[in-house]
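# Breakdown of the fold
For reference, the chains in residue letters:
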Amino acid sequence: MKFLFVHQNFPGQYLHLIRHLARSGQHEIVFISENNENVIPGVRRVIYRAPHTPPPNSHPGIRDFAIGLGRADGVAQAAMTLKNLGFVPDIILGHHGWGELLNMQDVFPGVPVLGYFEFFYHTDNYDVGFDPEFPLLPEMLPRIRAKNAINLQALNNPGWGQTPTLFQRSTYPDWAQTRISVLREGVDLDLCRPDPKAARTTCTFGDVTISPKDRLITYVARDLEPYRGFHVFMRALPTILEKCPQAQVALVGGDGVSYGARLPHGTWKQRMLSEVGDRLDLDRVHFLGKVPYDGFRALLQRSDAHVYLTYPFVASWSLREAMAMGCAIVGSDTAPVREFIEDGRTGLLAPFIEPKRIAESVLTLLENRKQAKALREAARSEAEATLCMNDYLNRYEDLIEQVSGISPSHESAPAPSGAPKKKRTARKEAGTAKPSKAKAGRTRVEA
């Protein structure tokens, strides 16, 4: 097959799929993106320039849309160059959130599009307005609605959609959900696996040493910020450290802001240390910043209690990886965490905005090792059942075949005479609609 992928940050969400397709040696894979240093053997890169930012006096509500339209123009120009050179894909895959796919129908009319729909913004009951500490200002309402301009354009363009959780699909309008398949993302279970020896040896992470006598609490986020409950976790730490003298805390994450608004001055780490720092034994609280992936895995394999908190928003990859590595997890009782963690079976859930309850759940895991062990084993078993990378890639191939009418794993040569034909079994996600092969490239999502 001829694949055309589009994502401004190569390879984005497509890392595992592209490696899988490239390993087969059967496909031509082209990826349009902005420039970066990432390389995957067997993938041809086509670079487009980042669009200009709107003038400072532009209405704030049009900023994202204007940048998205600029990306759409840049990608379409790159795609037209490919077309003029003779490359016409069998299917186009890309992330709709950046606007890059908006003009692909003009360059390759009739070519099926499988687009990644990540999140549809709302003015209440989701990420915005969820945390009472940060009330929504009335002037923000139209700006939040305007953030869906690209989403709405994409939903009304030809093609089919995918998203990784039921919660994320539920954020989209009812009329759109029937055109979006839930394709749960997988984890490399061989790479992300428990290490029973980790708790019995002295481990070093940067300049932090954790002995077998220590009780290690871990927290991971791309950036230390409210969307991922950093402020709540910090308020839970005084109780945890006071009641468990052996507790050591390791926090992984940068000092920037990936989601939500930035502070006028300083970082969230600085703000929270100014609030609770005098009640913490800072010799036992370690900010590791951003760590190499091998160090991240080793940290979670050693963890005695792993805390994952989030607004009702997109679930982090680290939650899936923590389950695969058999962490004893304390998660926020929010969507989509409830899709991954069943309270009392595969982890413990606590209210997001209640630091006391989060602290109590962490202490339960530190004090009740039998329960923690059972939760670890159940988390790993759940990962094996629902997060297997091979199963994910098989389901991905099924969805590609349903959308394009072509199987990515078809044999490159005819089977010998008399050999049984290979039969692919469709692996349907519960509650997931099935795209029409004949019409997937031209269908529109209608209200």
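The shown structure was predicted, so the numbers you read here are calculated from the model rather than taken from an experiment.

A large share of strand β2 (residues 28-33) lies buried, amounting to five of its six residues. Pairing geometry for strand β1 (residues 2-6) and β2, over five bridges, is parallel. Following the sheet pairing, F3 is matched in β2 by I29. A crossover connection joins β1 to the parallel β2 through helix α1 (residues 15-24); in handedness this β-α-β unit is right-handed.

We now examine a nonpolar patch on the surface. Judged by side-chain polarity, L136, L137 and M140 come together as a nonpolar surface patch covering roughly 220 Å² of accessible area. By secondary structure assignment, the location of L136 is in the loop between β5 (113-116) and α4 (141-146).

Ordered by their spatial adjacency, six strands build an open sheet running β12-β11-β10-β13-β14-β15, and the pairing between neighbours is parallel. Two strands in the sheet have a free side with no partner beyond their single neighbour: β12 (285-289) and β15 (348-350). Between one strand axis and the next, the sheet turns through 20° on average, direction left out of account. In this structure, strand β10 (residues 215-223) lies alongside strand β13 (residues 305-308), joined through three bridges in parallel fashion. Across the sheet, residue I217 finds its bridge partner in β13, namely A305.

It is worth spelling out the environment of Y227 at this point. Along the chain, Y227 falls in the loop between β10 and α8 (230-243). With near-sequence residues (within four places) excluded, Y227 lies in contact with D127, Y259, G260, L309, T310, Y311 and F313. Of the polar contacts made by the side chain of Y227, one reaches the side chain of D127; its length is 2.5 Å.

Our focus in this paragraph is the sheet that holds β5. One open sheet holds the seven strands; their spatial order is β3-β2-β1-β4-β5-β6-β7, and the pairing between them is parallel. Looking at the sheet topology across the chains shown, the edges are occupied by β3 (43-47) and β7 (180-182). Adjacent strand axes in the sheet meet at a mean angle of 25°, parallel and antiparallel pairs treated alike. Pairing of strand β4 (residues 91-95) with β5, which is carried by four bridges, proceeds in the parallel orientation. For G94, the partnering residue across the bridge sits in β5 and is G115.

The next subject is α1. Structurally, the α-helix is built with 3.6 residues per turn, so residues lying three or four positions apart point the same way. Here α1 has its buried residues at L17, I18 and L21. Buried positions in α1, seen along its axis, are confined to an arc of 95° and lie on one side of it. In this structure, the buried residues of α1 make contact with β1, β2, β3, β4 and α15 (389-404). The positive-phi residue at the C-terminal boundary of α1 is G25, with phi of around 70°.

Neither face of strand β14 (residues 329-332) is open: one carries I329 and G331, the other V330 and S332, and all of them are buried. In the sheet, β13 pairs with β14 via three bridges, with the strands oriented parallel. Residue pairing for β14: H306 is matched across the bridge by I329. In terms of handedness, the path from β13 via helix α11 (residues 317-324) over to β14 forms a crossover that is right-handed. Here β14 runs beside β15; their pairing, made up of three bridges, is parallel. Across the sheet, V330 pairs through a bridge with L348, a residue of β15.

Once that is clear, we can look at the nonpolar core. Counting residues in hydrophobic clusters, the biggest one holds 48 residues, and the most contacted among them are I217, F233 and I240. Counting only elements with at least two residues in this core, the list comes to β10, α8, β11 (247-254), α9 (268-276), β13, β15, α13 (355-367) and α14 (369-386). It is α8 that contributes the most residues to this core, eight residues altogether. Each residue touching I240, except ones within four places of it in the same chain, is listed here: I217, A247, A359, V362 and L363. V208, Y308, M323 and L349 belong to the second-largest nonpolar core, a separate cluster that totals 30 residues.

Let's shift gears to the confidence of the model for the protein. Chain-level statistics for the protein give a pLDDT mean of 92 and a share of 92% at 70 or above. Confidence drops under a pLDDT of 50 for residues 411-433, and excluding neighbours within four residues, the segment shows 26 contacts in the predicted structure. This stretch, residues 437-447, has a pLDDT under 50; its non-local contacts, to residues over four places away or in other chains, come to 28 contacts.

As a further point, take unusual backbone geometry. The residue after F10, namely P11, is reached through a cis peptide bond having omega 0°. The topology assignment puts P11 in the loop between β1 and α1. Look at the link from A335 to P336: it is a cis peptide, with omega at 0°. Note on placement: P336 falls in the loop between β14 and α12 (337-340). Phi at N125 is positive, roughly 70°, even though this residue is not glycine. Following the sequence through the fold, N125 ends up in the loop between β5 and α4.

Conventions and cut-offs
- Residues numbered from 1 in each chain as written.
- Predicted model: local features only at pLDDT ≥ 70, side-chain atom pairs only at ≥ 80, totals over all residues.
- Heavy atoms only, no water.
- Buried < 20%, exposed > 50% of the residue type's maximum accessible area, 1.4 Å probe, protein only.
- Helix = DSSP H or I, 4+ residues; strand = E, 2+ residues; numbered from the N terminus.
- Pairing = 2+ DSSP bridges.
- Right-handed = clockwise from strand over helix to strand, strands pointing away.
- Patch = residues over 30% accessible without salt bridge, like charges linked within 9 Å, V, L, I, M, F, W, Y side chains within 5 Å.
- Areas by Shrake-Rupley, 256 points an atom, 1.4 Å probe, with all protein chains shown as cover.
- Salt bridge = Lys/Arg side-chain N within 4 Å of Asp/Glu carboxyl O.
- Axes fitted to C-alpha atoms, helices over the stretch in contact; angles between N-to-C directions.
- Contact = heavy atoms within 4.5 Å.
- Polar contact = N/O pair within 3.5 Å; in protein donor to acceptor, adjacent residues only side chain to side chain.
- Arc of directions from axis to C-beta.
- Core = buried A, V, L, I, M, F, W, Y, C linked by side-chain atoms within 4.5 Å.
- pLDDT = per-residue confidence, 0-100.

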